[in-house]
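Residue-level structure breakdown
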Amino acid sequence: MKFVYVFLTGILLLGTQAEAQKVFGTRNGKISFISPTDEDVKATNNEVASRLADNGQITFSALIKGFKFRYAEMQEHFNDQYLESNKFPRADFKGNIVNLKEVNFTRDGSYKVTVKGDLTMHGVTKNLTANGTIEIKGGKPVASCKFVILMKDFNVDASSITEKVNVEVNCAFQ
Amino acid sequence: MQKWKKMLVIIGITGVLVAGAVVLYVYLKPHRDVAKEKAVQLTAQVLFDAFKSNETEANAQYLDKAIELNGEVADITKNQEGNTVVNFKTNDPLFVINCTFKTDPGVLQPGQTITFKGICTGYIPDMNIVINEGVLVK
């Protein structure tokens with residue numbers, strides 16, 4: 001009998017927890033990057049899948065082949081030579097909002113956030129911290145942030161093109 | 001003109017021409033036009049099953065390929081650039097094939113069965129398969 005009680009309480013607790021957590025998602029978020037030394041080296045991906053939960057968890061997944069360059073030849077080099085997108089087709093980020101207490105998901109407004117997590121790309125996982133903004137509009141969040149990626153951190157030898165890229169994320173959630 | 005000067009001028013001109021050709025090649029090479037490519041024909045469900053059962057194999061088979069996809073429209077949205085995006089249904093209610101048009105497909109309705117042709121960029125587990133740069137076939 002005691003076991004049944006514990007079991008039922010457990011289910012109830014799980015139930016309330018699942019109900020309390022709200023998850024926002026998008027399949028068409030946007031990530032773009034540009035080289036600070038060569039502004040022709042820039043690309044945008046408009047098919048970024050992302051989830052943001054009001055408990056602070058945030059994930060982004062971007063397919064490398066989804067990055068569109070202005071110049072087709074650069075896009076080909078980026079995929080074949082540098083990011084090896086046949087071998088490593090996706091970049092994934094999994095992290096948390098560090099200052100979650102400062103974000104009110106139920107009240108419209110703009111909140112400064114710091115996100116910390118792991119970015120996996122080109123077979124390498126690196127810890128990353130980025131500052132950004134979460135804007136709540138009509139109950140739905142838009143997340144944006146900027147950070148810098150050093151190519152050598154991810155075992156990408158692109159020194160003849162650029163040592164680093166400035167990355168910009170902008171995801172409007174549903 | 002002295003012989004060596006002539007040589008120098010010829011080498012110089014050749015150099016400029018080669019550099020010019022390289023620059024033209026890099027900057028003028030056109031992007032792929034999927035509308036003109038021969039595509040692999042399959043249904044949204046078959047594509048989903050392939051990636052779900054073996055991502056590596058499905059990547060080898062479909063990644064970067066022109067795909068002509070037939071399926072039922074789950075919903076129609078716009079991406080952040082204003083391009084039309086159609087999500088195709090699969091038997092998993094949480095999983096879709098996310099297809100972005102490069103040209104305006106006109107008016108589409110959820111529930112409609114359409115054929116879309118685009119380039120497959122890959123699989124995002126628990127979310128979707130992405131096909132972009134697409135056009136409406138019928």
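Residues numbered from 1 in each chain as written. Chains lettered and ligands numbered in written order. Predicted model: local features only at pLDDT ≥ 70, side-chain atom pairs only at ≥ 80, totals over all residues.

When its secondary structure is counted, chain A shows two helices and nine strands. Across chain A, helices and strands are ordered from the amino to the carboxyl terminus as α-β-β-β-β-α-β-β-β-β-β. (Helix = DSSP H or I, 4+ residues; strand = E, 2+ residues; numbered from the N terminus.)

What follows concerns the nonpolar core. Residues and elements named next belong to chain B. Of all hydrophobic cores here, the largest spans 55 residues; its most connected members are L47, L69, F88, I97, I129 and I131. Broken down by element, the residue count for this core peaks at five residues, all from strand 5 (residues 113-124). Leaving out residues up to four positions away in the same chain, L47 has contacts with L42, Y62, L69, I97 and I129. (Core = buried A, V, L, I, M, F, W, Y, C linked by C-beta atoms within 7 Å. Buried ≥ 20, exposed ≤ 12 C-beta atoms within 10 Å, placed from the backbone. Contact = placed C-beta atoms within 7 Å.)

Here the focus is the interface of chain B and chain A. Listed as interface residues are 23 residues of chain B and, on the opposing side, 18 residues of chain A. Those elements that place two or more of their residues in the side of chain B that touches chain A are helix 1 (3-28), strand 4 (96-101), strand 5 and strand 6 (128-136) of chain B.

Right, let's talk about the pairing of strand 9 (residues 164-172) of chain A for a bit. Residues and elements named next belong to chain A. As defined by bridge partners, strand 1 (residues 23-34) adjoins strand 9 across five bridges and the pair is classed as antiparallel. Of the residues in strand 9, the one forming a bridge with F33 is V167. One ladder, built from nine bridges, connects strand 8 (residues 140-150) with strand 9; its direction is antiparallel. Along strand 9, the bridge assignment pairs C145 with V169. (Pairing = 2+ DSSP bridges.)

Once that is clear, we can look at the domain arrangement of chain B. According to the domain assignment, chain B consists of domain 1 (1-30) and domain 2 (34-136). The gap between the C-alpha centroids of domain 1 of chain B and domain 2 of chain B is 45 Å. (Domains from an automatic or database assignment.)

Residue and element names in this part refer to chain A. With respect to the element layout, T26 can be found in strand 1. Using a count of 25 C-beta atoms within 10 Å as the deciding quantity, one classes T26 as buried. C-alpha of T26 to C-alpha of C171: the two residues are 145 residues apart in sequence and 7.3 Å apart in space. The residues contacting T26, other than those within four sequence positions of it, are S50, C171, A172, F173 and Q174.

Okay, the confidence of the model for chain B next. Detail in the predicted coordinates should be disregarded across regions flagged by low pLDDT. All names here are of chain B. Per-residue confidence for chain B gives a mean pLDDT of 93, with 99% of residues at or over 70. The least confident element of chain B, judged by mean pLDDT, is helix 1 at 85; the most confident is strand 4 at 97. Interface confidence in the predicted complex, given as ipTM, is 0.84; pTM for the same model is 0.86. (pLDDT = per-residue confidence, 0-100.)

Moving on, we come to the environment of I64(A). All names here are of chain A. Here I64 lies in the loop between strand 3 (57-63) and strand 4 (68-69). The exposure class assigned to I64 is buried, which follows from the 24 C-beta atoms found within 10 Å. With 57 residues separating them along the chain, I64 and M121 place their C-alpha atoms 9.1 Å apart. Ignoring anything within four residues of it in the chain, the contact list for I64 reads N79, L83, S85, F88, P89, R90 and A91.

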